[in-house]
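Below, each chain spelled out in residue letters.
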Amino acid sequence: MTGLEKIRWAKALIEEESGARYQFVVGNVHDDLYLDCSAQTNAGLYLTVQQNGKTGSYDCVFKGYTRISSGYHNAKGMQKLADEYKQAAYFLREMAIANISLTEDELATFVSELKSAEEQQINAPQMGM
């Protein structure tokens, strides 16, 4: 599988299985690639794309983080939080196994695909008021 195929697979896996709580997006100022987490997500995922000094390729590094720092929860709330951590850990394991590394052209292609999809959503005609 090429790096481009891997990053497309990662996007589909993370966005679909999380119910779109995580979404791959492109930065507004620079064409930086990152993961956007919904405000309701407590167990977050972080993505950074770093150029590898030895190979020149762009390595995708995924990390997890906690957005919630305190608070009391009943059993249902604790189970929801536990499920979020479990899913984040699953995504992190899958991304570590995939070991996603992109060439400069693959990264540019993926970023342009994301930007094109975002532009289509913005320019789509709105129904109703």
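In this report, the structure presented in the accompanying data block is examined. No experiment lies behind these values; they were computed from the predicted model shown.

Attention shifts here to the overall build of the protein chain. Counting secondary structure elements, the protein chain contains 3 helices and 5 strands. Taken from N to C terminus, the helices and strands of the protein chain fall in the order α-β-β-β-β-α-β-α. Expressed along its principal axes, the backbone C-alpha trace of the protein chain runs to roughly 50 × 50 × 25 Å. Evaluated residue by residue, the protein chain yields a buried proportion of 33% over its 129 residues. Put simply, 58% of the contacts in the protein chain that link residues at least 6 apart link residues at least 24 apart. About 8600 Å² of surface is accessible on the protein chain, with carbon and sulfur atoms providing 51% of the total. Measuring between centres, the 12 positive side-chain charges of the protein chain sit 9 Å from its 17 negative side-chain charges.

Let us look at the packing of aromatic side chains. On inspection of all chains with the given rule, the structure shows 3 aromatic pairs. Taking 6.1 Å as the distance between ring centres and 85 degrees as the angle between the ring planes, the aromatic pair formed by tyrosine 22 and phenylalanine 91 counts as edge-to-face. With tyrosine 22 in strand S1 (residues 22-26) and phenylalanine 91 in helix H2 (residues 75-98), this residue pair connects regions lying 69 residues apart in the sequence. Residue classification places tyrosine 22 among the buried positions, given a relative accessible area of 0%. Take phenylalanine 91: its relative accessible area is 1%, and that puts it in the buried class. With a centroid separation of 6.1 Å and an interplanar angle of 90 degrees, the aromatic rings of phenylalanine 24 and phenylalanine 110 are classed as edge-to-face. With phenylalanine 24 in strand S1 and phenylalanine 110 in helix H3 (residues 104-123), this residue pair connects regions lying 86 residues apart in the sequence.

In this section: H2. With 24 residues, H2 extends 35 Å from end C-alpha to end C-alpha; this agrees with the ideal 34 Å at 1.5 Å per step. Within H2, burial applies to Leu81, Glu84, Gln87, Ala88, Phe91, Met95 and Ala98. The backbone nitrogen of lysine 76 has a side-chain oxygen 3.1 Å away, supplied by the residue at the start of H2, namely asparagine 74. Just past H2, the residue asparagine 99 takes up positive phi, approximately 45 degrees.

This part is about the nonpolar core. Ranked by internal contacts, the top residues of the largest apolar core, which has 27 residues, are Ile7, Ile14, Tyr22, Phe24, Leu35, Phe62 and Ile100. Residue assignment for this core shows that the elements contributing at least two residues are helix H1 (3-17), S1, strand S2 (33-37), strand S3 (43-51), strand S4 (58-66), H2 and H3. With 5 residues, H1 is the largest single contributor of residues to this core. For isoleucine 14, the residues in contact, after removing those within four places along its chain, are Tyr22, Phe24, Leu35, Leu45, Phe62, Phe91 and Met95.

Now for the side chain of serine 57. The residue serine 57 is located in the loop between S3 and S4 in this model. Polar contacts involving the side chain of serine 57 include one to the side chain of serine 101, which spans 2.9 Å. Apart from the residues lying within four places of it in its own chain, the contact partners of serine 57 are Gln50, Gln51, Asn52, Ser101 and Leu102.

With respect to the helices and strands, glycine 3 occurs in helix H1. Here the alpha-carbon distance between glycine 3 and asparagine 42, two residues 39 residues apart in the chain, equals 29 Å. Beyond its immediate chain neighbours, meaning those up to four positions away, glycine 3 contacts Ile100, Ser101, Leu102 and Glu106.

Calculation criteria
- Residues numbered from 1 in each chain as written.
- Predicted model: local features only at pLDDT ≥ 70, side-chain atom pairs only at ≥ 80, totals over all residues.
- Heavy atoms only, no water.
- Helix = DSSP H or I, 4+ residues; strand = E, 2+ residues; numbered from the N terminus.
- Buried < 20%, exposed > 50% of the residue type's maximum accessible area, 1.4 Å probe, protein only.
- Contact = heavy atoms within 4.5 Å.
- Areas by Shrake-Rupley, 256 points an atom, 1.4 Å probe, with all protein chains shown as cover.
- Lys, Arg positive; Asp, Glu negative; His and termini not counted.
- Charge placed at Lys NZ, Arg CZ, Asp CG, Glu CD.
- Phe/Tyr/Trp six-rings, centres within 6.5 Å; stacked < 30°, edge-to-face > 60°.
- Expected span 1.5 Å × (residues − 1).
- Polar contact = N/O pair within 3.5 Å; in protein donor to acceptor, adjacent residues only side chain to side chain.
- Core = buried A, V, L, I, M, F, W, Y, C linked by side-chain atoms within 4.5 Å.

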